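Chain by chain, the residues run as shown.
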Amino acid sequence: MSLELVRLHAFAQHALSYYGIDASAEIELINLSENATYKVTSNNKRLALRVHREGYHSRAAIASELEWLMALRADGVAITPQPIRGHNGEIIQNVVHPMLNMHRHVVMFEWETGFEPTMEQALEKPFETLGEVAARMHIHARAWKRPPWFERFTWDFETSLGEIAPHWGRWRDGMGVDVASAKLFVDTVALIGKRLKIYGKHPDRFGLVHGDLRLANLLIDGPHVKVIDFDDCGFSWFMYDAATTISFYEDDPKVPALIDAWKTGYRRVAQLDAVDENEISTFIMLRRLLLVAWIGSHHDTDLAKSMGLAYTQGTEGLCENYLSEHSQ
């Protein structure tokens, strides 16, 4: 275990006291991405503890995420994790560990039952259900009255693939991006930008979305598909949520059937016109290149290491297909 993981573990153990949980409770790191998420086992009860990355989201942004997450649950739109208040009555804890010189925002959640799906499983039915859930979330987002202090990232072309200040870094800095692949990616990014400019940001197409409906952020529990980890929720195109469902597996041969299943479920709840449907491939390509950037800027995470150079190389074929299909 690296020194940083040891420090994070000690910090998470210390954070338990903010919830009245004895520091001897068992904690296990279950995910390390933007944040560190731990499974906490105390008195035979399981909880989920999220230690937020320093400097990524402000307290107001975290509060905004939780406000929508709780509204979706309360309104019966989606099954989402239930945040737990600390002993001071606050949902977001400002945890300080003087000995480690660490200060982070921390949130505790009730543990949600279910299992994380994998591409090795039959996912058509769960993806239909996920399409229904996504449609309900989009309808809710359009009608929901956000608090005046609501603050979340915008995930548009410039903040995803732009050159100035992309949230997850530049795709040019992805692992193994060389002269040849960069030329191909430049052409692809230009076409994505052109198509999205035409597609536009009308409120029917652009609004508050989950932004990361990948398999790792889903739990299948019987007939239900639960949606967890709203850390990347923000303002983007609604059809971007379709693209995120297949994150890291965009070139898998099962993808067309899964996207069709998602669209089938979506149509049971909301309208999906031809223009929206036709642009899903653009959002898949945008997401793929955004993840190339993410892997480059998060190269020290286990997920980035597991994808690495092969992911960049696999992106080249997807770019070629996209350019062939959409360059007119």
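A quick note: this is a predicted structure, and the numbers were derived from the prediction, not measured.

Thresholds, definitions, all that
- Residues numbered from 1 in each chain as written.
- Predicted model: local features only at pLDDT ≥ 70, side-chain atom pairs only at ≥ 80, totals over all residues.
- Heavy atoms only, no water.
- 1 Å grid on protein atoms, 1.4 Å probe; cavity = no way out; pocket = protein on both sides within 12 Å on 5 of 7 lines; lining within 4 Å.
- Points joined across faces, edges and corners; volume = space filled by probe spheres on them.
- Helix = DSSP H or I, 4+ residues; strand = E, 2+ residues; numbered from the N terminus.
- Nonpolar A, V, L, I, M, F, W, Y, C, P; charged D, E, K, R; others polar.
- Buried < 20%, exposed > 50% of the residue type's maximum accessible area, 1.4 Å probe, protein only.
- Contact = heavy atoms within 4.5 Å.
- Axes fitted to C-alpha atoms, helices over the stretch in contact; angles between N-to-C directions.
- Parallel < 35°, antiparallel > 145°, perpendicular 65-115°, else oblique.
- Left-handed = near helix turned anticlockwise from the far one by under 90°.
- Core = buried A, V, L, I, M, F, W, Y, C linked by side-chain atoms within 4.5 Å.
- Pairing = 2+ DSSP bridges.
- Phe/Tyr/Trp six-rings, centres within 6.5 Å; stacked < 30°, edge-to-face > 60°.
- Expected span 1.5 Å × (residues − 1).
- Polar contact = N/O pair within 3.5 Å; in protein donor to acceptor, adjacent residues only side chain to side chain.

(A) Examining empty space enclosed by the protein more closely. Taken as a whole and assessed by the stated rule, the structure comprises three cavities of 30 Å³ or more. In this structure, the largest cavity encloses a volume near 160 Å³. Lining the largest cavity are 16 residues, and of these S33, E34, D212, R214 and D232 lie nearest its centre. Considering each element in turn, the lining of the largest cavity owes the most residues, three residues, to helix 9 (residues 280–297). Partitioned by chemical class, the residues of the lining of the largest cavity number five nonpolar, four polar and seven charged.

(B) A look at the environment of F235. Looking at the secondary structure, you find F235 in strand 10 (residues 234–237). Taking the relative accessible area as the measure of exposure, F235 reaches 16% and is therefore buried. The spatial distance from the C-alpha of F235 to the C-alpha of Q121 is 31 Å, given a sequence separation of 114 residues. Residues within four places of F235 in sequence aside, it is in contact with R146, F150, R152, F153, T154, W155, F206, G207 and L208.

(C) Region of interest: the packing of helix 3 (residues 124–143) against helix 7 (residues 255–269). Two numbers describe how helix 3 lies on helix 7: the axes approach to 6 Å, and their chain directions differ by 45°. The orientation of helix 3 with respect to helix 7, classified from their angle, is oblique. For the crossing formed where helix 3 meets helix 7, the hand is right-handed. Taking contact as the criterion, the partners of E124, F127, E128, L130, G131, E132, A134, A135, R136, H138 and I139 in helix 3 are, on helix 7, A257, L258, A261, W262, T264, G265, Y266, R268 and V269. Partitioned by chemical class, the residues of the contact of helix 3 with helix 7 number 11 nonpolar, four polar and five charged.

(D) Quick look at the nonpolar core. Ranked by internal contacts, the top residues of the largest apolar core, which has 86 residues, are W68, L161, I192 and M239. At 12 residues, helix 9 tops the list of elements feeding residues into this core. Setting aside chain neighbours within four positions, we find L161 in contact with W171, V189, I192, L286, L289 and L290.

(E) Structural detail: the side chain of N217. Assignment of secondary structure puts N217 in the loop between strand 7 (206–209) and strand 8 (218–221). When near neighbours in sequence (up to four residues on either side) are disregarded, N217 contacts H210, D212, K226, V227, I228 and D229.

(F) Spotlight on the pairing of strand 9 (residues 224–227). Taken together, the four bridges between strand 8 and strand 9 define a ladder with antiparallel strand orientation. In the strand pairing of strand 9, I220 is matched with V225. Counting the residues that bridge the hairpin from strand 8 to strand 9 gives two residues, and of these G222 lies at a positive phi of roughly 65°.

(G) Main features of the packing of aromatic side chains. Tallying each qualifying case throughout the model produces 14 aromatic pairs. Taking 6.4 Å as the distance between ring centres and 70° as the angle between the ring planes, the aromatic pair formed by F248 and W294 counts as edge-to-face. Here F248, found in the loop between helix 6 (240–244) and helix 7, pairs with W294, found in helix 9; they are 46 residues apart in sequence, far enough to count as distant. In this pair, the class of F248 matches that of W294, namely buried. On the numbers, 5.7 Å between centres and 55° between planes, the contact of F248 with Y311 is tilted. Of this pair, F248 sits in the loop between helix 6 and helix 7 while Y311 sits in helix 10 (residues 302–326), placing them 63 residues apart in sequence. Overall, the relative accessible area of 9% leaves F248 in the buried class.

(H) The arrangement of helix 5 (residues 179–199) in detail. Compared with the 30 Å implied by 1.5 Å per residue over 21 residues, the 30 Å span of helix 5 between its first and last C-alpha is a close match. Along helix 5, the residues classified as buried are S181, A182, L184, F185, T188, V189, L191, I192, G193, L196 and Y199. With a side-chain oxygen positioned 3.3 Å from the backbone nitrogen of A180, the residue opening helix 5 is D178. Backbone geometry just after helix 5 places G200 at a positive phi near 80°.

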